[in-house]
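Spelled out, the chains give:
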Amino acid sequence: MSKFPNQLALVAVAATSVIALSVGLSERAAHNAEIAAATAQAEADAMAVQTAEAETAEAEAVVTEQVTAEVAEAEMVEEVAEDTVAEAETAAPETVTAEATADTGDTFEGGSSTPALFVGAAWAESHESPMIGELDGISFDLGREALDEEVAAWDIDIRPDGAGLPAGSGDVWTGEEAYIENCAQCHGDFGEGRARWPVLAGGWDTLEHEDPVKTPGSYWPYLSTVWDYVHRAMPYGQAQSLTDDEVYAITAYILYLNNLVDDDFELSQDNFTEVSLPNEDGFFMDDRAEGEIPAFSEEPCMENCKDSVEITMRASVLDVTPEDEQAEATEAAAETTEETATQEAAAEDETTAVAAVDPALVEEGEGVFRKCRACHQVGEGARNGVGPHLNGVLGRTIGGIDGFRYSGVFQEAAEAGEVWGPENLGEYLADPRGAMPGTNMSFAGLRSEEEIAAITAYLSTFEAQ
């Protein structure tokens, strides 16, 4: 039997042993590598800790050095202050010695040198009642003198006596153009105001009302207030962009809107103080310190007071109106109703005549009505605005729209039963304040009979709603 198979077996066993030995050696090498990596990481961590400790120590040393330097500097400053005080006492002992000046009430003269602050502080500490005001003369070299042009840029206020007014002038019609361009978008073409922007015209006889209309023509005390406000703050968003002549002209136009000047008026620094606003006498110097405060500071009277007040009857139930007066009131009301009916009939006849006018005239009147649209509405859905709607105005009782707050003159016309017709409407459109003094309408009036005829024809086409 051959020995070859046994040799193969030996070879196989040897190969297996070699493989096993190789695997063992590989695993041992991997284990040793892991141990070496862990050791290296530990050494790196230890090095990082040492580095951090060194940096901390270095930072603490720097801080300590800075603190030491600051303490030394503070001590040096204190020594300088003490030396400065000593020098001041040597040079002028009568100034800084409290005993030598106790009877003279001296004050520190100060100076502008670098140690002035320390000298002032030392002097203040030596007095019983140190006050900043007593350190007059000390300068910290801050700021500079204002230039003349810088002062002039701020010095723009105008006083009631005209002081501060610049040279210039402006007339009403120039002011109208400047006003429409710069002011009308907020205040309306005729000063009636838009949205929540202020009203600039009208408001006469409203200061006693619950909701007064405060305008230059009804409330403001001085014309200088108008000029100054327009010049200083207007137009909104472009303050102080108007020239002096434009401010004069706009102020003149505002006076015209408030029926205070004629349409040919020109305002200038020469005639400025000749214009007085209606409510100037309504303002006076504050005298509460002499009047109200002493009176209200007295002991109140707490004697002879009524124990209680009881309402025993209402006037509506008590019927306090005498019977004969009731009869007279009823008779007067009947007469008024009859008179009103007659006037309405006459106005209806006039309206019928107007309705037959040329359509071209009506079209022309539509163009003229653009001057009125800022305050009045016509057509379907027209509502009251700054002024009442004008649907059916011809033939309507003057001041006759319920819920609209009319001026006193309109209320009187309504109580008298007056009715709008082409004739009295034309007179009113030509000169509102002349036809009905006290009207709240600030419109200056139409300038020609042709415009009045055209707008009357146009308004006649709108029926009452």
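In what follows, the structure referred to is the one given above.
Conventions adopted
- Residues numbered from 1 in each chain as written.
- Predicted model: local features only at pLDDT ≥ 70, side-chain atom pairs only at ≥ 80, totals over all residues.
- Heavy atoms only, no water.
- Helix = DSSP H or I, 4+ residues; strand = E, 2+ residues; numbered from the N terminus.
- Contact = heavy atoms within 4.5 Å.
- Areas by Shrake-Rupley, 256 points an atom, 1.4 Å probe, with all protein chains shown as cover.
- Core = buried A, V, L, I, M, F, W, Y, C linked by side-chain atoms within 4.5 Å.
- Buried < 20%, exposed > 50% of the residue type's maximum accessible area, 1.4 Å probe, protein only.
- Salt bridge = Lys/Arg side-chain N within 4 Å of Asp/Glu carboxyl O.
- Polar contact = N/O pair within 3.5 Å; in protein donor to acceptor, adjacent residues only side chain to side chain.
- Phe/Tyr/Trp six-rings, centres within 6.5 Å; stacked < 30°, edge-to-face > 60°.
- Axes fitted to C-alpha atoms, helices over the stretch in contact; angles between N-to-C directions.
- Parallel < 35°, antiparallel > 145°, perpendicular 65-115°, else oblique.
- Left-handed = near helix turned anticlockwise from the far one by under 90°.
- Nonpolar A, V, L, I, M, F, W, Y, C, P; charged D, E, K, R; others polar.
- Arc of directions from axis to C-beta.
- Disulfide = S-S within 2.5 Å.

Enquirer: Teacher, can you tell me more about the overall build of the protein here?
Expert: Check the secondary structure of the protein and you find 17 helices and two strands. Nonlocal contacts in the protein, meaning residues at least 24 apart in sequence, comprise 59% of its contacts between residues at least 6 apart. Just so you have it, the protein exposes about 31400 Å², and 53% of that area is on carbon and sulfur atoms.

Enquirer: Help me understand the nonpolar core in this model?
Expert: Generally speaking, soluble globular proteins have nonpolar side chains that are buried together. Within the largest apolar cluster, 58 residues are counted, with the highest numbers of intra-cluster contacts made by Ile-250, Phe-265, Phe-410, Trp-420, Met-436, Ile-455 and Leu-459. The set of elements that each furnish at least two residues to this core consists of helix 6 (172-182), helix 8 (223-233), helix 9 (244-257), helix 13 (359-368), helix 14 (408-415), helix 15 (422-430) and helix 17 (449-459). Ranked by residues supplied to this core, first place goes to helix 9 with nine residues. What Met-436 contacts, discounting residues up to four positions off in sequence, is Ile-398, Val-409, Phe-410, Ala-413, Trp-420 and Tyr-428.

Enquirer: I would appreciate a short explanation of the environment of Gly-193 in the present structure.
Expert: Residue position: Gly-193 is located in the loop between helix 7 (184-187) and helix 8. Distance from Gly-193 to Val-386, taken between C-alpha atoms, is 8.1 Å for residues 193 residues apart in sequence. If sequence neighbours within four positions are ignored, Gly-193 has contacts with Cys-186, His-187, Gly-188, Pro-198, Val-199 and Val-386.

Enquirer: Would you explain the pattern of salt bridges in this entry?
Expert: Applying the stated criterion to the full structure yields five salt bridges. We note a salt bridge from Glu-150 to Arg-144, for which the minimum N-O separation is 2.9 Å. What makes Arg-144 exposed here is its relative accessible area of 59%. A salt bridge links Asp-189 to Arg-194; the nearest nitrogen and oxygen atoms lie 3.8 Å apart. Judged by relative accessible area, Arg-194 falls into the partly exposed class, the value being 31%.

Enquirer: Quick question: what am I supposed to make of the side chain of Thr-206 here?
Expert: Counting through the fold element by element, Thr-206 comes out in the loop between helix 7 and helix 8. Overall, the relative accessible area of 4% leaves Thr-206 in the buried class. A distance of 3.0 Å separates the side chain of Thr-206 from the backbone nitrogen of Val-213, its partner in a polar contact. Ignoring anything within four residues of it in the chain, the contact list for Thr-206 reads Pro-212 and Val-213.

Enquirer: Please clarify how the packing of aromatic side chains should be interpreted in this entry.
Expert: Each pair of aromatic rings is reported with the distance of its centres and the angle of its planes. Considering all chains together, one arrives at 13 aromatic pairs under this definition. Here Tyr-253 and Tyr-256 contribute two aromatic rings whose centre-to-centre distance is 6.4 Å and whose plane-to-plane angle is 35 degrees, an arrangement assigned as tilted. Here Tyr-253 pairs with Tyr-256, and both are found in helix 9, just three residues apart, close to one helical turn. Looking at Tyr-256, the relative accessible area reads 10%, which means it is buried. Their ring planes at 80 degrees and their centres at 5.0 Å tell us that Tyr-458 and Phe-462 sit as a pair that is edge-to-face. This pair shows no difference in class: Tyr-458 is buried, exactly as Phe-462 is. Members of the aromatic cluster, connected to one another through ring pairs, are Phe-404, Tyr-406, Phe-410, Trp-420 and Tyr-428.

Enquirer: Hey, could you run me through the side chain of Glu-176 in this one?
Expert: Relative to the helices and strands, Glu-176 is located in helix 6. Residue classification places Glu-176 among the buried positions, given a relative accessible area of 18%. Contact partners of Glu-176, with chain neighbours within four places excluded, come to Tyr-253 and Arg-447.

Enquirer: Whenever I open this one, the packing of helix 15 against helix 17 confuses me. Can you help?
Expert: To describe two helices that pack against each other, one gives the angle between their axes and the distance between the axes. Contact geometry for helix 15 and helix 17: axes closest at 10 Å, N-to-C directions at 125 degrees. The angle between helix 15 and helix 17 falls in the class oblique. Pair helix 15 / helix 17 crosses with right-handed handedness. Side by side, helix 15 and helix 17 meet where Pro-422, Leu-425, Gly-426, Leu-429 and Ala-430 of the first sit next to Ile-452, Ile-455, Thr-456 and Leu-459 of the second. Taken together, the residues that form the contact of helix 15 with helix 17 break down as seven nonpolar, two polar and no charged.

Enquirer: How should helix 13 be read in this particular structure?
Expert: The α-helix winds at 3.6 residues per turn, so residues separated by three or four positions along the chain end up facing the same way. For helix 13, the full list of buried residues reads Val-362, Gly-365 and Val-368. Angularly, the buried residues of helix 13 cover 110 degrees about the axis, an arc narrow enough to put them on a single face. Those residues of helix 13 that are exposed and angled more than 90 degrees off the buried face are Pro-359 and Glu-363.

Enquirer: Where do I start with the state of the cysteines in this structure?
Expert: A covalent bond between the sulfur atoms of two cysteines is what we call a disulfide. Counted according to the given criterion, the structure contains zero disulfides. With no disulfide of its own, Cys-186 lies 8.6 Å from the sulfur of Cys-183, the closest cysteine sulfur. The cysteine Cys-301 is free of any disulfide, with Cys-305 supplying the nearest cysteine sulfur at 6.2 Å.

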